[in-house]
Amino acid sequence: MQWVIKEAEGIELLYCDDLNGKDYLIYPPQYPWQITDADREMTEERLRTIYAKYVSILTDRAVAVDYQSVENGG
């Protein structure tokens, strides 16, 4: 899903998992010199819409879209 969203929407998401093996696909913070045109136009609502669009292809279950801090234990 990470690569499909990158190609279709032009935004770079980051896949990671936590110590409990729970998977996340996050929109990471970026430095100003890393921001693309797609990132400049990004809003929380647009990001929720993008997640909903692609998650609905994979499952009928609702997936929570929220702020996360994923700890890697290091």
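Residues numbered from 1 in each chain as written. Predicted model: local features only at pLDDT ≥ 70, side-chain atom pairs only at ≥ 80, totals over all residues. Heavy atoms only, no water.

## Quick word on the nonpolar core
Turning to step 1, where the next piece is worked out: Core analysis: the biggest nonpolar cluster contains 10 residues, these being Ile5, Ile11, Leu13, Leu25, Ala38, Met42, Leu47, Ile50, Tyr51 and Tyr54.
Turning to step 2, where the next piece is worked out: Not counting the four nearest positions on each side in its chain, Leu13 is found in contact with Gln2, Ile5, Leu25, Ile26, Tyr27, Pro28 and Tyr51. (Core = buried A, V, L, I, M, F, W, Y, C linked by side-chain atoms within 4.5 Å. Buried < 20%, exposed > 50% of the residue type's maximum accessible area, 1.4 Å probe, protein only. Contact = heavy atoms within 4.5 Å.)

## Topic: helix α3 (residues 44-58)
Turning to step 1, where the next piece is worked out: When the terminal C-alpha atoms of α3 are compared, their 22 Å separation across 15 residues agrees well with the 21 Å that a helix rising 1.5 Å per residue should span.
Turning to step 2, where the next piece is worked out: By the burial criterion, the buried members of α3 are Leu47, Ile50, Tyr51, Tyr54 and Val55. Looking straight down α3, one finds its buried side chains confined to an arc of 120°; they lie on one side.
Turning to step 3, where the next piece is worked out: Those residues of α3 that are buried are in contact with α1 (2-9) and β2 (23-26). (Helix = DSSP H or I, 4+ residues; strand = E, 2+ residues; numbered from the N terminus. Expected span 1.5 Å × (residues − 1). Arc of directions from axis to C-beta.)

Fair warning: the whole summary comes from geometry, so function is off the table for now.
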